[in-house]
Amino acid sequence: MKVYSKESLIEALKAIRERGWIETQRKNNNGAVGHTLEDLLGIKENNLPLPNAAEWEIKAQKKHSTALVTLFHMEPSPRSFRFVSNILLPEFGWVHRNAGDQYPETEKSFRQTVHARGYSSRGFIVKLDRQDGKIWIRFDADAIDISAHGQWYQEVAGKSLNEVPYWGFDDLFHKAGTKLHNFFLVVAESKKINDALYFHYQDIFMLEKLSKDAFVDAVEKGYVYIDFDARTGHNHGTKFRLRSSALLNLYDEVRKY
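Treat the numbers as computed from the prediction; the structure is a model and nothing was measured.

Visitor: Help me understand the nonpolar core in this model?
Guide: In this structure, Leu88, Phe124, Phe139, Trp167, Ile226, Phe228 and Leu250 are the most contacted members of the largest nonpolar core, which totals 49 residues. Among the elements that take part in this core, helix 3 (residues 83-92) stands out by supplying six residues, more than any other. Within the second largest apolar cluster, 22 residues are counted, among which are Leu9, Leu13, Ile22 and Tyr201.

Visitor: Which parts of the structure should I look at to understand the packing of aromatic side chains?
Guide: Two aromatic rings are characterised by how far apart their centres lie and by the angle between their planes. One pass over the structure, following the stated rule, counts 14 aromatic pairs. With 5.5 Å between their ring centres and 85 degrees between their planes, Phe183 and Tyr251 make a pair best called edge-to-face. Here Phe183, found in strand 9 (residues 182-193), pairs with Tyr251, found in strand 14 (residues 251-256); they are 68 residues apart in sequence, far enough to count as distant. One exposure class covers both Phe183 and Tyr251, and it is buried. Among the aromatic residues, those joined into a ring-pair cluster are Phe92, Trp94, Phe110, Phe124, Phe139, Trp152 and Phe228. Sitting over the face of the ring of Trp94, Arg122 holds its NZ or CZ atom 3.6 Å from the ring centroid. Seen from the ring of Tyr166, Lys134 lies directly overhead, with NZ or CZ sitting 4.2 Å from the centre.

Each value, and the rule that gives it
Residues numbered from 1 in each chain as written. Predicted model: local features only at pLDDT ≥ 70, side-chain atom pairs only at ≥ 80, totals over all residues. Heavy atoms only, no water. Core = buried A, V, L, I, M, F, W, Y, C linked by side-chain atoms within 4.5 Å. Buried < 20%, exposed > 50% of the residue type's maximum accessible area, 1.4 Å probe, protein only. Helix = DSSP H or I, 4+ residues; strand = E, 2+ residues; numbered from the N terminus. Phe/Tyr/Trp six-rings, centres within 6.5 Å; stacked < 30°, edge-to-face > 60°. Lys NZ or Arg CZ within 6 Å of the ring centre and 35° of its normal.

In structure tokens, the structure reads:
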């Protein structure tokens, strides 16, 4: 595998940009933009070989993408409560769509994505307390979309979260810092020609110094989503996800080449 310096990597990315439209050999469209770039650079699975720069990564995304990027997994506090499995799922879960078929008839689901811009259709929202340095999950039965969840509404009307799940700013930023390393971001246009997928890698960014304040701002503006994915038999983990268009705003230093 070829070893790059930062300078030679930038030159390699510029050379790829100059090639224009490149047909991908990746058959799976999901992730093809990143895998194709790795193929072109001769690296594997984001193993970016930069000497003395172990915490650098390289990412690629499609221009104008509205996709959500998974940042990290982190369960809410108090951790000893095992909040999702012991409170949210049994108290506020609903009948799993495969209950009585793939799973027992008693199987419940608590799978939804919430953010700070407004209540989810099931009445959950993200709230911030800057003074205490915490992000909370709130529930309001009056915010439930009864047209979509009328039967479930009858089960949870009048309920409240006596213990509120939360994440501390410091804990979140520490977790983000272990996952959101300094990295190169390459943005590409895409198109199909005779059913073949092509990419033109265009914008090259170098991002450094993740900003705690910018991360909190992104949560408050609703660019960060909290994704619950649990059922009675298994909690798949609580994910923090981000609109890819907001990624550049999380770093103090952004250079474009």
